[in-house]
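This is what each chain is made of:
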Amino acid sequence: MKSGFEISSIYGREVLDSRGNPTVEAEVKLVCGAVGKASVPSGASTGIFEAHELRDGDETRFEGKGVLNAVRNIDEKISPVLIGMDASKQVLVDHAMIEADGTKNKEVLGANAILAVSLANARAAATAMQVPLYRYLGGAMARVLPVPMMNILNGGKHASNIVDIQEFMIVPFGAPSFHEALRWGVEVYHTLGKLLKKQGLSTAVGDEGGFAPDLESDEAAIHTIIEAIETAGYTTDEIGIALDAAASEWYTDGEYILSKRKQRMDTGALIDHLKKLADEFPILSIEDGLADRDWTGWTRLTQEVPIQLVGDDLFVTNTQRLEKGIKEHAANSILIKVNQIGTLTETFEAIEMARSAGYTAIISHRSGETEDTSIADIAVAAGTGQLKAGAPARTDRTAKYNRLMRIEEALGDAAMYAGRETFKRL
Ligand SMILES: C=C(OP(=O)(O)O)C(=O)O
Ligand SMILES: [Mg+2]
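Residues numbered from 1 in each chain as written. Chains lettered and ligands numbered in written order. Predicted model: local features only at pLDDT ≥ 70, side-chain atom pairs only at ≥ 80, totals over all residues. Heavy atoms only, no water.

A.B. asks: Got a minute to help me understand the pairing of strand β3 (residues 35–39) in this structure?
C.D. replies: In the case of a regular strand, side chains alternate between the two sheet surfaces. Both strand β2 (residues 22–30) and β3 contribute to a ladder of 5 bridges, which runs antiparallel. By the bridge assignment for β3, E25 is matched with S39. Here β2 hands over to β3 after 4 residues, with G33 in that stretch at a positive phi of 100°. (Pairing = 2+ DSSP bridges. Helix = DSSP H or I, 4+ residues; strand = E, 2+ residues; numbered from the N terminus.)

This is the structure in structure tokens:
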């Protein structure tokens, strides 16, 4: 007899992301009639060790950025392998795709094709079980709402201003609940907009919805954010600051070249700069403070700067790279991006490895996003306590935050905001 969870059909399509570039969406249908749909994000400051995003390269369509080959792979190569499988056995579904691809970085079928199906499959199974995705993936105990890390000031590859640090985020860890945290974040965001306007600076926004003014230094950017926090009526003991330097983008021949400001630094000088920022300002977390190839630098940074140090390009959600980091005491936190690795199974494995080693994990969006909200559910399911999803403005970003508000409402009294506890662990 056929189980209701049996996969009956899989369908892929090209949709647009928040930058107006094509990305992959998949639909997985089960014998019981349940359908799961998911679309995948896309990065701009991508790590060189990420799983492969398959692009068509045909310059006559979307300047070569089309994903018709990945879509075709879903319809013609993934679907024959998965049809008939039990969607509730996510690990087997994901392993079947990993095997069908046969490469380390998923370059044959494309990590974008594989991830779309992996997520859509989980959604179909959750629908068939009549439970929300966070409950399906996380079980009865899933109830922790993450602290949002909201990128309110953009630089680097995400903006065309003169700021080299990619993201300046606010972290409302002192709020009593997720929806209050979000309200605090929105108030600071709008206050920052007004302050920039008053200073005659641009309030144009970058890819993730944060402002992208031409500020003269990292210190000036942080001062302006602190002013916004305080003007909005909060203290830095309630709302902290997090940075994503995205330093791999600066790294050339063993040296850091900050091209927008035309500065050069060796590893030691950059560590000193980050240490000074962490000493002087209420900074809770620095992501990719050094480059993904600078392992010895990372070990030094971790010894010298006693805050959360997050590996994004460094680990690329990959357990092999994370294992090396743990051994070498490089970083103490991992950024988790589903499309860096390409399946839900491997994503959860990376979170689990981090947790066992005492590393924190932060679920993250990409700079190119869609309306898909899977990462919000994943953050609650895995109970990571932190999620980074851009500014609290722009539908591609607020979709995730709004999803978390709905989850918090559905959990009612059972909901627990990760809050201060998250940073006490460090
Ligand atoms: C979200 C990020 O940017 P992108 O998606 O461009 O890699 C990041 O670097 O953390
Ligand atoms: Mg990053």
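That shown, we press on.
A.B. asks: Explain the packing of helix α9 (residues 319–327) against helix α11 (residues 344–356) here, please?
C.D. replies: Packed helix pairs are specified by the crossing angle of their axes together with the interaxial distance, meaning the distance between the axes. Two elements in contact, α9 and α11, have axes separated by 10 Å at closest approach and are oriented at 10°. Accordingly, the angle class assigned to the pair α9 and α11 is roughly parallel. Where α9 approaches α11, its residues T319, L322, E323 and I326 are matched on the opposing element by E349, A350, M353 and A354. When the residues that make up the contact of α9 with α11 are grouped by side-chain class, the tally is 5 nonpolar, 1 polar and 2 charged. (Axes fitted to C-alpha atoms, helices over the stretch in contact; angles between N-to-C directions. Parallel < 35°, antiparallel > 145°, perpendicular 65-115°, else oblique. Contact = heavy atoms within 4.5 Å. Nonpolar A, V, L, I, M, F, W, Y, C, P; charged D, E, K, R; others polar.)

A.B. asks: Could you clarify how one ought to interpret the environment of G297 in this entry?
C.D. replies: Mapped onto the fold, G297 is located in helix α8 (residues 295–304). According to the relative accessible area criterion, G297 is buried, its value standing at 2%. Among all residues touching G297, those that are not within four sequence positions of it are T267, I271 and L290. (Buried < 20%, exposed > 50% of the residue type's maximum accessible area, 1.4 Å probe, protein only.)

A.B. asks: Just to check I follow, could you spell out unusual backbone geometry for this structure?
C.D. replies: Residues apart from glycine generally show negative phi values, whereas peptide bonds are mostly found in trans. Of note, D253 is a non-glycine position whose phi angle comes to about 45°, a positive value. With respect to the element layout, D253 can be found in the loop between β8 (251–252) and β9 (255–258). Of the residues examined, D253 reaches a relative accessible area of 79% and is grouped as exposed.

A.B. asks: How should the sheet that holds β8 be read in this particular structure?
C.D. replies: Two orientations exist for strands paired in a sheet by backbone hydrogen bonds: parallel and antiparallel. Strand order in the open sheet formed by 3 strands is β8-β9-β10, with antiparallel pairing between adjacent strands. Edge strands, defined here as strands with exactly one partner in the open sheet, are β8 and β10 (263–265). Both β9 and β10 contribute to a ladder of 3 bridges, which runs antiparallel. Its bridge partner lying in β10, L258 is registered against Q263. With respect to the sheet, helix α7 (residues 267–280) is in contact with β9 and β10, its orientation differing from that of β10 by roughly 105°.

A.B. asks: Can you walk me through the nonpolar core in this structure?
C.D. replies: As a rule of thumb, nonpolar side chains are buried together in soluble globular proteins. Counting 132 residues, the largest nonpolar core has I74, I78, L82, V117, F168, Y256 and I283 as its most contacted members. Top element by residues in this core is helix α3 (residues 111–129). It accounts for 11 residues. Residues in contact with V117, not counting those within four places in the same chain, are I10, A26, V28, I74, I78, L82 and M97. (Core = buried A, V, L, I, M, F, W, Y, C linked by side-chain atoms within 4.5 Å.)

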